[in-house]
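# Examining the three-dimensional arrangement
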Amino acid sequence: IDRFPQIIALQSQNCDPLLRAAEHGKTEPEAVMPAPTIAEGIAIGKPMRGREILTLAEKHGVHFIHAPEEQILSARATLAEKGIYCEHTTAANYAAYLEYCRVYGKTSDTLITMCGAGLKSVLLQPVQLSSGLMHGSFFPGKKASIGKSIWLKTSQGLSVLVPPTGGQVFDGTQ
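Residues numbered from 1 in each chain as written. Predicted model: local features only at pLDDT ≥ 70, side-chain atom pairs only at ≥ 80, totals over all residues. Heavy atoms only, no water.

### Considerations on the packing of aromatic side chains
Under the counting rule described, the total for this entry stands at 2 aromatic pairs. Geometrically, the ring pair formed by Y94 and Y97 is stacked, given 6.2 Å between the ring centres and 20° between the ring planes. Taken as a pair, Y94 and Y97 lie in helix α4 (residues 88–104) at a separation of 3 residues, close to a single helical turn. The exposure class of Y94 is buried, given its relative accessible area of 15%. Summarising the aromatic geometry, the rings of Y100 and Y104 are spaced 4.8 Å apart at their centres and angled 40° between planes, so their arrangement reads as tilted. Of this pair, Y100 and Y104 are both found in helix α4, 4 residues apart, which corresponds to roughly one turn of the helix. (Phe/Tyr/Trp six-rings, centres within 6.5 Å; stacked < 30°, edge-to-face > 60°. Helix = DSSP H or I, 4+ residues; strand = E, 2+ residues; numbered from the N terminus. Buried < 20%, exposed > 50% of the residue type's maximum accessible area, 1.4 Å probe, protein only.)

Structure (structure tokens):
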């Protein structure tokens, strides 16, 4: 690599102590009261290494951008249409990238991290299972003990495969 890449750091618009500090040229994260966000994985009101992050951001010219709260679910749906099934916090990366392009223009090339699997934030409706696979209801946050793989329909209309060994499915509130 012949030059340091441009790093774009994102924070939820509902919890943005580093972004605010960078905008004001501060070396300590700004005090914020985190508001509820669908991207709970990045809702950190007081980052433990905030000073270090801000120092490195200044040194390397990191740009900060908000992940617009109202764009996260549509970003997640767009990624799902492309075959990337991710959770809300990961979708915030793409929502922030789109916001960056809107504000600063498109980039020539971009690497966006996608590290959270979609099953971490599935919103399920209670489903009655039948047809010999399993009888009973499957509710959000409950373990499934299933002898055969089954498909469940989520409230967003997505089909979710539950493996034969069962598993934990979260409703997005944990």
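### Section: the nonpolar core
If you look at the biggest cluster of nonpolar residues, it comprises 16 residues, and the most contacted ones within it are A39, I72, A92 and Y94. Among the elements of the structure, β2 (63–67), α3 (72–81) and α4 are those that each provide at least two residues to this core. The element that contributes the greatest number of residues to this core is α4, accounting for 8 residues. L19, A21, V62 and F64 belong to the second-largest nonpolar core, a separate cluster that totals 8 residues. (Core = buried A, V, L, I, M, F, W, Y, C linked by side-chain atoms within 4.5 Å.)

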